[in-house]
Every structure is written in structure tokens, then in C-alpha cells.
Amino acid sequence: MAKNLRWRGILFAGTITAMAGFVDGVGFVHFGGYFLSFMSGNSTRSSAALMTGDVTGWINAMSLVASFVAGVVIATLMTSPLAALRRPVAMYFSAALLLVAAATGTIQPHATALLLAAAMGVVNVSYTRSGEVSLGLTYMTGTLVKLGQALGGAILSVLTGSNRGTNRLLWLRYAVLWAMITVGSLGGVLAYLHLGLGSLWIVGAGMLLWATLALLQELRAKGELPADATSSAHRELIE
């Protein structure tokens, strides 16, 4: 789907991806190397823990995977009857989970981790087409594969002198999405080193703001807001 988004849309989705990286950075440091948005890493860690006799480690990793999937399931059930408002509803739900996690951080650490993983599962439902996720926001392996394919196609078009059906700069869109999660994780670790789990309030507020921008755009598109209710930059940001 990234190739169908305008650059403002890429930046909007990329900001969500950066927030996922922020959460992962905070969680990785605080919870000792577990991931909150990257479930492939937790799956590998669960297998390694199980085969080395670390039952607690296996339970921790698998509970995060289960919570992530549960978030996807609940968000799918919530948003499936919706059309245009699917994205802001999913984002508001994710923001709510992030803020609850921030409030319970020092009281129930494991519950906080599960809430954060669920929030990351929920936000992935934001970009859905025909009942399936069309743009992965919190996992970058597929994005890197598409980056490599697009870059390979661009190189071939240069070498062969053919530009037919090839967007030589398409790879940049995927590179931006990958860079955003990387920058977000750097910000998350930096914030955690200064604020601890209090840094979760930052990402929760950020998701709340971004959900509101998405809602304003969807309402304007449906004609429920006047054309000047949002600025031109905001109107085009998520398209």
C-alpha cells in the first residue's frame, strides 16, 4: 500500500511507525530484551528460552505474542462494522491502551507490558483493505524486502535504460518507514533513560493527537466538517 500513498500519507503512517519504535525501545530496555511490537523477535526468544530450560522466559515472550494477537482480534471486531472511521477508532483504542499502560507502569509491570503489546497489535489494524492489513506499521521485515525489491528494480531500470512501469524512487518510501521506526526506537530509549516508564505518557499523548488528526480528516472527507476545519497540510497528511 505504501506505493499508493502520497508523501504526506507516508509521513503520517511513518509517524505511527515511529511511535511503535518508541514503545519498543522503552520496552526492550525496561523489560530486559523483550519486544512490544516485533513479535518475530519474541517468537525466537520464546523458543530459545524453552530449549534452554527458561520456562519463565518462554511464558513472558509468549504472553506478549498472545497479547499482541488479542489486540489485533479485538480491534478487528471493533472496526469491522466501520468504514471511513476505522483508522481513527483503532488509533484511539491504541492510545487508550498506551495511556492505561503509562498509568500502571510502576504498579503492575507485567500487565503494563501486555497492555503495550496489545496497543501495538491494535494500531496495525489502522491500515486495512478488504479485511486485511495493507500496511504493516510495527514490523519492518516485509518493508525491507519491498525496499530491496524496489531498489533492485530501480537499478535494473538504470542499467537497461528502461523506465517502463518503474518508479525509480519507490524504494525511498519504504526506506522512510524503516527509518521512522529506527528513529522512534532511539527516541524511546533516550526518553526512558531520563523519564523511565513516565516516557509512555509521551507516546500515549502522541497517539491521541494523531488519532484526532485522522478523525478530523475522515469527518471532513464525509462532509461532516467544513472544508476549512483542518489546515491543508492536515487534510492531505494521511491520504
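What counts and what doesn't
Residues numbered from 1 in each chain as written. Predicted model: local features only at pLDDT ≥ 70, side-chain atom pairs only at ≥ 80, totals over all residues. Heavy atoms only, no water. Helix = DSSP H or I, 4+ residues; strand = E, 2+ residues; numbered from the N terminus. Expected span 1.5 Å × (residues − 1). Buried < 20%, exposed > 50% of the residue type's maximum accessible area, 1.4 Å probe, protein only. Contact = heavy atoms within 4.5 Å. pLDDT = per-residue confidence, 0-100.

1. Thoughts on helix α7 (residues 170-195)
Part 1: Taking 1.5 Å of rise per residue, the 26 residues of α7 would be expected to cover 38 Å, and the 38 Å separating its terminal C-alpha atoms lies within 8% of that figure.
Part 2: The positive-phi residue at the C-terminal boundary of α7 is Gly196, with phi of around 65°.

2. A closer look at helix α3 (residues 55-79)
Part 1: With 25 residues, α3 ought to run about 36 Å at 1.5 Å a step, and its terminal C-alpha atoms sit 36 Å apart, in line with that.
Part 2: Buried within α3 we find Gly57, Ala61, Ser63, Leu64, Val65, Ser67, Phe68, Gly71, Ala75 and Thr79.
Part 3: Looking at the buried residues of α3, the elements they touch are α2 (39-51), α4 (86-104) and α5 (109-123).

3. Some remarks on the confidence of the model for the protein chain
Part 1: Averaged over all residues, the pLDDT of the protein chain is 84; the fraction at 70 or higher stands at 85%.
Part 2: Here residues 227-239 is a poorly scored stretch, pLDDT under 50, and it has 32 contacts once near neighbours within four places are set aside; other chains count.

4. Details of the environment of Ala70
Part 1: Looking at the secondary structure, you find Ala70 in helix α3.
Part 2: Once the C-alpha coordinates of Ala70 and Gly121 are considered, the two residues, 51 residues apart in sequence, prove to be 7.5 Å apart.

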